[in-house]
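Chain and residue survey
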Amino acid sequence: DIWRFDVDTAVLLVDGRAIHLTVREAAIAGLLLKHIGKPIHRDRLIIAMYGDDEPGGPDKALEVHVCHIRRKLRDTRLRIVPQYGFGYAITIGPKEQRWTTPGCSNSWWRTKASG
């Protein structure tokens, strides 16, 4: 196994490296990891983050949390890929390949903070 996820501690082990996730990041990653290679609709991911009873956060909250997970998965074989107009999937690259995820834009947060 290249990965193991401990739900109780929100720690994802990838190739022996411990990646610590926040509660919401763990909810997203846990759902994606249960369905590797299969796209998960954004509504399901938002429900995983906030639950059925709690209203969702800002429109871009899911994208921001996915961005943070991608940064933490940088240089691993796991990659979160967008399924445009639908949601996200997580994939595993070959052993010799490491994904390098580009940085995420904070322009949305700057716009909200200044406006």
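Residues numbered from 1 in each chain as written. Predicted model: local features only at pLDDT ≥ 70, side-chain atom pairs only at ≥ 80, totals over all residues. Heavy atoms only, no water.

Moving on, we come to the overall build of the protein chain. A count of helices and strands for the protein chain gives four helices and six strands. Its helices and strands in sequence order give the protein chain the pattern β-β-β-α-β-α-α-β-β-α, from N to C terminus. When burial is assessed residue by residue, the protein chain has 37% of its 115 residues classed as buried. Of all intrachain contacts in the protein chain linking residues separated by at least 6 positions in sequence, the fraction that spans at least 24 positions is 48%. Here the protein chain has roughly 7100 Å² of accessible surface; of this, 52% comes from carbon and sulfur atoms. (Helix = DSSP H or I, 4+ residues; strand = E, 2+ residues; numbered from the N terminus. Buried < 20%, exposed > 50% of the residue type's maximum accessible area, 1.4 Å probe, protein only. Contact = heavy atoms within 4.5 Å. Areas by Shrake-Rupley, 256 points an atom, 1.4 Å probe, with all protein chains shown as cover.)

On to the pattern of salt bridges, then. The final tally for this structure, using the stated rule, is three salt bridges. For Arg77, the salt bridge is made with Asp15, and the minimal N-O distance between the two is 3.6 Å. Taken together, the residues span a long stretch of sequence, with Arg77 in the loop between helix H3 (61-73) and strand S5 (78-83) and Asp15 in the loop between strand S2 (11-14) and strand S3 (17-20) at a distance of 62 residues. For Arg77, a relative accessible area of 10% translates into the label buried. Residue Asp15 is classed as partly exposed on the basis of its relative accessible area, which comes to 37%. In this structure, the salt-bridge partner of Lys72 is Glu25, at a minimum N-O distance of 2.6 Å. (Salt bridge = Lys/Arg side-chain N within 4 Å of Asp/Glu carboxyl O.)

Turning our eyes to something else, we now look at the confidence of the model for the protein chain. Of all residues in the protein chain, 75% have pLDDT values of 70 or greater, and the mean over the chain is 82. Below pLDDT 50 for its whole length, residues 106-115 participates in five contacts with residues either more than four positions away or in separate chains. (pLDDT = per-residue confidence, 0-100.)

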